[in-house]
Amino acid sequence: MATTEHRVIGILAHVDAGKTTLSEALLYRTAMIRKLGRVDNRDSFLDTDAMERARGITIYSKQTRFIAHAPEGDITYTLLDTPGHADFSPEMERTLRVLDLAILVVSAADGVNGQVRTLWGLLQHYGVPAVIFVNKMDQAENLGGTAEVREALLSDMKAKLGDGVLPFDEWEDPDMQENLALLDEELFERFMEGDPVTAADLQALTARKLYTPVLFGSALKLEGVDELIEALNVCGQAPTFGDDFGARIFKITRDENGERLTHMRITGGAIAVRQELTFENDEGPVTEKINQIRRYSGEKYDQLDKALAGEVCTVTGLTGTYAGQGLGFEEQADDGLMRPVLTWQLRLRQGEDAFAAYRKLRELSEEEPMLAVNYDERLKKITVRMMGQIQREILADLAMKRFGLEIAFEQPSVIYKETIAEPVIGIGHFEPLRHYAEVHLLLEPGERGSGITFDSKCSVDVLSRNWQRLIISYLSGKRLKGVLTGSDLTDVKISVIAGRAHEKHTEGGDFPQASRRAVRQGLMNAANVLLEPWYDFRIELPQGSLGHLLTDMTKRQADMKAPEFEGDRAVLTGSVAVSQLADYADELASYTKGEGRIEVKVGEYRPCPDPQSIIEKIGYDPDADTRNPSGSVFCEHGAGTVIPWYQVPEMAHVDSGYSVARAPREYTGDMSGALYVSGLKADRSDMLTVTGGERTVGVSRAGMAGRKEPTYDERERQIRAAEDELVAIFERTYGPIKSKLHHPDNERKVLKASAPAAPVKPRYAKPKTEGPVPEFLLVDGYNVIFDWENLRDLTELDVKAARDRLKDILSNYAGFRKTRVILIFDAYKVSGGKESVMTYHNISVIFTKEAETADQYIEKAARDLTSKKYRVTVATSDAVEQLIIFGAGARRMSARELLEEIIRTENDIRENFLETQQGGRYFLQNNLAEKLSGIKLEAEDNAEG
């Protein structure tokens, strides 16, 4: 008989309910396998992984197929066997998104326990109809008799799961017909008119989640399995599909040869071998070609030329996909309800390269995105997000088996999230050479638990609809980070309000670059809120221990409902911060002598009552996070220049017409957490009083009024981050850059700026000393003077004295280091000024001409000298100038680094030339710090004289 339908079903259960055994029984009764495998014998058809067989649990979701005979025609089922252990529930949850029907397995001995309630909640959340199979009924005699156990379980399931939970084997009985008719008003009216409930009615009731058929049996003894297959045929149905292409990716794995596999269900249209698919990832639009289409059944697979709508298949050739991704018309999936709330720091073997280990573990995070493997460059540490102990053991086994990597775990910490307390506008601009995009976004606080939502309020006359869609598509597929701790952003509505493209220069990746910067720029200006996760708990214990429990939960600031009593036992439900619960299960077992039971599931995120200590402990620096830049790239002087976030609004090319009114200085609301201004330019100590809930907390407003000047370390971090970002942008566009200089000090890759059409060679005094490979030091005079504290103080009394002192210091330095020093002073504002060049002892001193800045002169000189293969270093702390000379191929040195180098030189002089340290005119004196500190006094004496 021809196959008429194709359905995708999944099988879910709590641990030890017999899920894999039931899968074996279904395959055996439909003649797909000839021999029944058993979990305890380690020969089951689907648990093929060595770790699964060793532990006797399902770790990875598996796929197989079977054909069931029905009166209307054969039905082909794709069965997805999901993990039962709570540690692997995120993979199970992703599988739910592609199911037409689920089989929920309940153990007769355990009944509706906490895990069953969790699974039932997930089925309701994703709208997946279900059939319940109560397994292990062969043990019912030991539990009080089959009939008694059946009735007790039915009563318990109806009370906890709903009135629609009814036995399937009685559906044609008159009494059960009436119970079924009562589930739907229209059906009941027909029933009262004499029409019986039909199989088609059962199918419709099941599809609407009004009816959940229940069957009883024993998978191990094949009891009730045929009835289950009949229930699947009668109550299930396949959805209808359109011609437009769509697919939902639910898993990423690798085969035994290491080839990357993308598992998906086609939800519209079809795919074929060699077909190109275009989708979004972190780098923007990506187009990749399908190499193979596989249809798996257990470990084996068939190769297909084409996969049609409704089918589950596995594709090779796609390297940029991820679990939960939607292709075609399918939207990106959210993170789901089952997510880890704790993160562990990894401990590696002594001498192990942390970054190399991180790159290996990233492969595993593709297969389980919830791992969220992260590497902290500053601390050289790796962290992962995990659900529990079993998952940690599996990860350690996998790392050793696949990479030979030995890992252990430190104590866990809580996974925080971030949101905003008031609307803010974010602006992003991306304009390196031959690229252009500008994006304006409105960020608004969302409803609690809403995640990230998107909208567009921008007219198509301002920005094309295609570009607007690209912005939203890119941001919806990216894990956006907050700026307080680098945690995930949530509960924010992001709307496109303005933007601009260039007819010739805008490419597909430009708007994603501008969009990510717009989000971060907005967050740096926002009132940010740190959120922490809460557990929903259910604790059952003897009534005599209830007082102890209530005291403990009160200390932990839990939200509790009134206790319920069942005989001599009490049940307390409520919610509490994850950080407060810790190892409470062990404590509960101790004071209840093992009679207390606790069930927890991840609830919502709420504002953290003590954010300041957490922010300080994590120590996240948003300006140093080059993966999530807050600054924008503007085209200046013929090259891409990174502009910091706080200067972007005044340089933006588009006026969105939007403005956001700041809330008053006093903030009263239901967010009992702290609102912080983020960013190194903001004053985090500007604290206000905020009343929210039952706690008083601190708040700091966003804005520029409280901005402080960055410290040396902060400024250096910003400059280096900007350099790294520009290099990354350039290389993504033009490929790897080779340095002009073959010198160990010039290992950074060079970002080339466009040379002037008619370059003018700068004039400077020719040094008298000849050398085989000359080294030049170009110094921006006034930049150094105003960066060094003592010279800056001296300028308040006599600018010329500060210049002369710098010339003396550099002359001494050049005499010892044998470096050719060119000191450039800005004279571009001197009316009628002409360029002047003089030799001061052994260095060249340049005063630029009118309308020429020191920056421009240095850029020309650096280009001319590097073109002759000289080693060139430029000393300045001007961020823009540093990037320009970096593009010219020269090595950069900040003013502070120059000072440190001069101090080191003085120390070398003191050690090697003790006999001349007091007399040489061109050598530094005994202590450079004393010399610099005495500059001001000397100038004052000269002024008085």
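Notes on the structure in this doc start here. Just so we're clear, the structure is a prediction, and the values are computed from it rather than from any experiment. (Residues numbered from 1 in each chain as written. Predicted model: local features only at pLDDT ≥ 70, side-chain atom pairs only at ≥ 80, totals over all residues. Heavy atoms only, no water.)

## Observations regarding the overall build of the protein
Stated formally: Labels follow the DSSP assignment, with helices taken as runs of H or I lasting at least four residues and strands as runs of E lasting at least two, numbered in each case from the N terminus. When accessible area is computed with a 1.4 Å probe and restricted to protein chains, residues below 20% of their type maximum are described as buried, those above 50% as exposed, and intermediate ones as partly exposed. For accessible areas, the Shrake-Rupley method is used with a probe of radius 1.4 Å. Any residue's cover is judged against the shown protein chains and nothing else.
Regarding its fold elements, the protein presents 27 helices and 45 strands. When each of the 945 residues of the protein is scored for burial, the buried share is 52%. Total accessible area computed for the protein in this model is approximately 42,800 Å², and 47% of it derives from carbon and sulfur atoms.

## Concerning the environment of Ala527
Considering the arrangement of structural elements, one finds Ala527 in the loop between helix H13 (510-524) and strand S29 (528-542). A residue is classified by how much of its surface remains accessible, and Ala527, at 0% relative accessible area, is buried.

## Description of the sheet that holds strand S13 (residues 292-297)
This is how the line gets drawn: In this analysis, strands are considered paired if DSSP registers two or more bridges between them. In this description, a line fitted to the C-alpha atoms serves as the axis of each element, helices being fitted only across the stretch in contact, and the angle between N-to-C directions of two axes falls anywhere from 0 to 180 degrees.
With antiparallel pairing, the 6 strands of this open sheet are ordered in space as S14-S13-S16-S9-S8-S17. Unpaired on one side and paired on the other, strand S14 (300-304) and strand S17 (326-328) mark the two borders of the sheet. Across the sheet, the axes of successive neighbouring strands diverge by a mean angle of 40°, strand direction being ignored. As paired strands, S13 and S14 are joined by 5 bridges and run antiparallel to one another. From the neighbouring strand, Ile293 faces S14, where its bridge partner is Leu304.

## Topic: the nonpolar core
Generally speaking, soluble globular proteins have nonpolar side chains that are buried together. Quick reminder of the rule: For our purposes a nonpolar core is just a set of buried Ala, Val, Leu, Ile, Met, Phe, Trp, Tyr and Cys residues, chained together by side-chain atoms within 4.5 Å. By the convention used here, residues are in contact when the closest approach between their heavy atoms is within 4.5 Å.
If you look at the biggest cluster of nonpolar residues, it comprises 40 residues, and the most contacted ones within it are Leu22, Ile103 and Leu228. It is helix H9 (residues 225-235) that provides the largest number of residues to this core, a total of 6 residues. Discounting chain neighbours no more than four positions away, the residues touching Ile103 are Ile9, Gly10, Ile11, Leu12, Leu22, Leu26, Val131, Phe133, Leu228 and Leu232. By size, the runner-up hydrophobic cluster in this structure holds 33 residues, among which are Val98, Val112, Ala130 and Ile132.

## Concerning a negative patch on the surface
Basically, it comes down to this: Any residue with relative accessible area above 30% and no salt bridge may belong to a patch, with like charges joined within 9 Å and the nonpolar Val, Leu, Ile, Met, Phe, Trp and Tyr side chains within 5 Å. By definition here, a salt bridge exists when the distance from a side-chain nitrogen of Lys or Arg to a carboxyl oxygen of Asp or Glu is within 4 Å. When charges are tallied, Lys and Arg are placed among the positive residues and Asp and Glu among the negative ones, while His and the ends of the chain are skipped. By convention, the point assigned to a charge is CZ for Arg, NZ for Lys, CD for Glu and CG for Asp.
Residues Glu172, Asp173, Asp175, Glu178, Glu227 and Glu230 make up a contiguous surface patch of negative charge. Listing elements by their share of the negative patch, those giving two or more residues are helix H6 (174-181) and H9. By secondary structure assignment, the location of Asp173 is in the loop between strand S6 (165-167) and H6.

## Re helix H10 (residues 354-367)
Side chains three or four residues apart in an α-helix point the same way, a direct result of the helix having 3.6 residues per turn. Spelled out, the test is: Expected helix span is given by 1.5 Å per residue-to-residue step, counting one fewer step than there are residues. Two N or O atoms count as a polar contact when they lie within 3.5 Å, although within protein this holds only if one can serve as hydrogen donor and the other as acceptor, and sequence-adjacent residues are included solely when both atoms are side-chain atoms.
Taking 1.5 Å of rise per residue, the 14 residues of H10 would be expected to cover 20 Å, and the 21 Å separating its terminal C-alpha atoms lies within 8% of that figure. Within H10, burial applies to Ala354, Ala357, Tyr358, Leu361, Leu364, Ser365 and Glu367. Its side-chain oxygen placed 2.9 Å from the backbone nitrogen of Phe355, Asp353 serves as the N-cap of H10.

## Some details on the packing of aromatic side chains
To keep it simple, the criterion reads: Pairing of aromatic rings covers Phe, Tyr and the six-membered ring of Trp, with a centre-to-centre limit of 6.5 Å; geometry is then stacked below 30 degrees between planes, edge-to-face above 60, and tilted otherwise. Either the NZ atom of lysine or the CZ atom of arginine qualifies as a charge over a ring when it sits within 6 Å of the ring centre and within 35 degrees of the ring normal.
With the rule as written, the count across this model stands at 9 aromatic pairs. Between Phe825 and Phe847, the aromatic rings sit 5.3 Å apart at their centres with planes inclined by 25°, giving stacked as the arrangement. Of the two residues, Phe825 sits in strand S41 (residues 820-825) while Phe847 sits in strand S43 (residues 843-847), which places them 22 residues apart along the sequence. The structure contains a cluster of three or more aromatic residues connected by ring pairs, namely Tyr782, Phe825 and Phe847. Taking the ring centre of Tyr605 as reference, the NZ or CZ of Lys417 above it sits at 4.9 Å. The side chain of Arg803 reaches across the aromatic face of Phe825, ending 5.9 Å from its centre.

## Regarding the pattern of salt bridges
Considering all chains together, one arrives at 33 salt bridges under this definition. Glu540 is the salt-bridge partner of Arg569, the closest N and O atoms lying 2.9 Å from each other. One end of the pair, Arg569, is in strand S32 (residues 569-577); the other, Glu540, is in strand S29, and 29 residues separate them in sequence. Of the two residues, Arg569 and Glu540, neither departs from the other in class, the shared state being buried. When salt bridges that share partners are traced, they join Arg448, Asp559, Glu604 and Arg606 into one network.

## Digging into helix H11 (residues 389-403)
Worth spelling out the cut-off: By construction, the arc corresponds to the directions joining the helix axis to the C-beta atoms.
For H11, with 15 residues, the first-to-last C-alpha span of 21 Å sits near the 21 Å given by 1.5 Å per residue. Of all the positions in H11, only Gln391, Arg392, Ile394, Leu395, Leu398, Ala399 and Phe403 are classed as buried. Projection of H11 onto a plane perpendicular to its axis shows the buried side chains occupying an angular sector of 160°, all on one side. In the segment just after H11, Gly404 is the residue with positive phi, at about 65°.

## Re the pairing of strand S40 (residues 775-780)
The buried fraction of S40 is high, at 5 of 6 residues. Pairing of S40 with strand S44 (residues 871-875) involves 5 bridges; the strand directions are parallel. Residue pairing across strands places Leu777 opposite Thr873, the latter belonging to S44. Relative to S41, S40 runs parallel, the two sharing 5 bridges.

## Observations concerning the sheet that holds S44
Pairing is mixed in the open sheet, where 6 strands are placed in the order S42-S43-S41-S40-S44-S45. At either margin of the open sheet sits one strand with a lone partner, and together these are strand S42 (836-840) and strand S45 (891-893). Direction aside, the axes of adjacent strands within the sheet are offset by 20° on average. Relative to S43, S41 runs parallel, the two being bridged by 4 bridges. Across the sheet, residue Ile824 finds its bridge partner in S43, namely Ile846. Packed on one face of the sheet, helix H22 (residues 799-817) meets S40, S41, S42 and S43 and runs near 165° to S41.

Don't take any of this as a statement about function, it's just geometry.
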